[in-house]
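# Structural features, examined
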Amino acid sequence: MPRVPKLEPIGLPPSGEGVPARAGKLQEGAHDRELVRAAQADDKEAFEELVRRHQHRVMAVAGGILRRREDAEEIAQQVFLKAYFSLKRFDQRAAFSTWLYKITVNECWDMLRKKKVRPLVYESDLSEEQAHQVLASEEKGSMEPDISERLAAQQRVERLLEGLDERDRLMLILKEVEGFAIEEIAEVVDLNANTVKVRLFRARRRIVALAKKRGD
Amino acid sequence: MWDLLKKNRQACSQFQDALEAAASAGSPAATPGELLAALPVACQKHAASCEECGAAVGELLSARALLRALPAHSKTSAPWFARRVMAAIAAKEAELRRMGSPWAAVPRFASRLALVSAATLLIVSTWVYQRPFAPPVKPPSAEALPESLFDSSQPALSQDDILVSLAERAQ
């Protein structure tokens, strides 16, 4: 079987939403279709390439919902495992990325249901990486920017985000933190682009109002 | 009245599009003034007349500044992630292959097999223990044997008897 040529992993979304960006997206979609076809014919390298191309996006969506890196990584792995074992049933009517986002969102809600917790990071709930950062900053002394201040700021924002609707929170994180384009967010949350735009505006207004109210 | 409202909504929607595009542009604006200056003139005029849209510029920048505190998960995904996924797939495939073999059923039913064996052993041993005692059967003695139809009352002739009887007959 001919090997599919390796492609560069997708970087973060282009800043503009112009014609070149859309053309690039179409090209990426075509590459994805090729890779999916090869993976459906049991080409593991093609599937690995698909993982490389989409891992950042899947991690971003999972992280946007779960808010913990460890959980996001675990879910991302499960998503790709699920995708691999049901790839033969994927008929490519939708884009591969859309299909992958749907699996990701469902897996995340399942995880939250099982854990029965709200996706909020508390002080006592530092991730392994954050704990390492804290220790490293303590060892380095006061030369580095204060990590505990950064973590406190992060927790403050996480609390503010709790005041938003779950979907609005995800949209806001994907847009402002992960750098997704409006169309991509629309794919993830299964809404049309105009609705996403309007809801983003409202979400921004709400989070700023909450911050003012709490004096942040 | 309705037309005026519809026209306003359209203008707001156009303003939102323009604002989103300007905010996503390469060099991010630091102040509302800078961001407004990057918008088309029509949008700037609309921002001056529409209170909500005018406030949206500042809100966008404030929200962005707040959310800067959060880490981006898309940038922190590990470089070995794809390898790990492929290894997990290989492990899962191996597990599925093992599940397909007939011996795979043995460990699955092991606990039930042990239970069934224990129950059988208990029942059999109980039956053996409680069975009424039967005296050992003695081998039948020669006298006690019933007479057969073919048995003759005469004792069996020996070779000497035969010879004697032949001699008597000759006499």
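Coordinates for the structure precede this section.
Sequence positions are assigned chain by chain, starting from 1 and proceeding in written order. Starting at A for chains and at 1 for ligands, labels are handed out in the order in which the entities are written. Restriction of local features to residues with pLDDT of at least 70 applies here, the model being predicted, together with a cutoff of 80 or more for giving and counting side-chain atom pairs; totals for whole chains, interfaces and linings are based on all residues.

So, on to the overall build of chain B. Put simply, DSSP H or I for four residues or longer makes a helix, DSSP E for two residues or longer makes a strand, and each gets a number counted from the N terminus. Scanning chain B for helices and strands turns up 7 helices and 0 strands. The order of α-helices and β-strands along chain B, N terminus first, is α-α-α-α-α-α-α. C-beta atoms are placed from the backbone for every residue, and two residues are taken to be in contact when these atoms lie within 7 Å. Here the contacts in chain B between residues at least 6 apart in sequence split such that 46% fall between residues at least 24 apart.

Attention now moves to unusual backbone geometry. All names here are of chain A. Positioned with a positive phi, Asp42 is a non-glycine residue whose angle comes to about 70 degrees. Relative to the assigned elements, Asp42 resides in the loop between helix 1 (19-40) and helix 2 (44-66). Exposure classification rests on a simple neighbour count of other C-beta atoms within 10 Å of a residue's own: a residue reaching 20 or more is buried, one at 12 or fewer is exposed, and one in between is partly exposed. C-beta atoms are placed from the backbone. Using a count of 11 C-beta atoms within 10 Å as the deciding quantity, one classes Asp42 as exposed. Although it is not a glycine, Gln92 adopts a positive phi angle of roughly 65 degrees. As for its position among the elements, Gln92 is in the loop between helix 3 (69-85) and helix 4 (96-115). For Gln92, a count of 13 C-beta atoms within 10 Å translates into the label partly exposed.

Right, let's get into the interface of chain A and chain B. Counting residues at the interface gives 38 residues for chain A and 29 residues for chain B. Broken down by secondary-structure element, the contributors of at least two residues to the side of chain A that touches chain B are helix 2, helix 3, helix 6 (147-161), helix 7 (166-177) and helix 9 (193-214) of chain A. Among the elements that make up the side of chain A that touches chain B, the one with the highest residue count is helix 2 of chain A (10 residues). Under the scheme applied here, ten amino acids are nonpolar (Ala, Val, Leu, Ile, Met, Phe, Trp, Tyr, Cys and Pro), four are charged (Asp, Glu, Lys and Arg), and all others, including Gly, are polar. Residue classes in the side of chain A that touches chain B are distributed as 19 nonpolar, 7 polar and 12 charged.

Now for helix 7 of chain A. Residues spaced three or four apart along an α-helix point in a common direction, a consequence of the helix completing one turn every 3.6 residues. Expected helix span is given by 1.5 Å per residue-to-residue step, counting one fewer step than there are residues. A rise of 1.5 Å per residue sets the reference length of helix 7 of chain A, with its 12 residues, at 16 Å; its end C-alpha atoms lie 16 Å apart and thus fit the reference within 8%. Counting buried positions along helix 7 of chain A yields 10 of 12 residues, so the element is predominantly enclosed. Regarding helix 7 of chain A, the residues found buried are Asp168, Arg169, Leu170, Met171, Leu172, Ile173, Leu174, Lys175, Glu176 and Val177 of chain A. Those residues of helix 7 of chain A that are buried are in contact with helix 2, helix 6, helix 8 (182-189) and helix 9 of chain A together with helix 4 (51-67) of chain B.

Take helix 4 of chain A next. All names here are of chain A. For helix 4, which comprises 20 residues, the first-to-last C-alpha distance of 29 Å matches the rise-based estimate of 28 Å (1.5 Å per residue) to within 8%. Every buried residue of helix 4 is listed here: Phe96, Ser97, Leu100, Tyr101, Thr104, Val105, Glu107 and Cys108. In a view along the axis of helix 4, the buried residues occupy a sector of 165 degrees, so they form one face of it. Residues of helix 4 that are exposed and point more than 90 degrees away from the buried face comprise Asn106, Asp110, Arg113 and Lys114. Immediately beyond the C-terminal end of helix 4, within one or two residues, lies Lys116, with a positive phi of roughly 50 degrees. The directions from the helix axis to the C-beta atoms form the arc being described.

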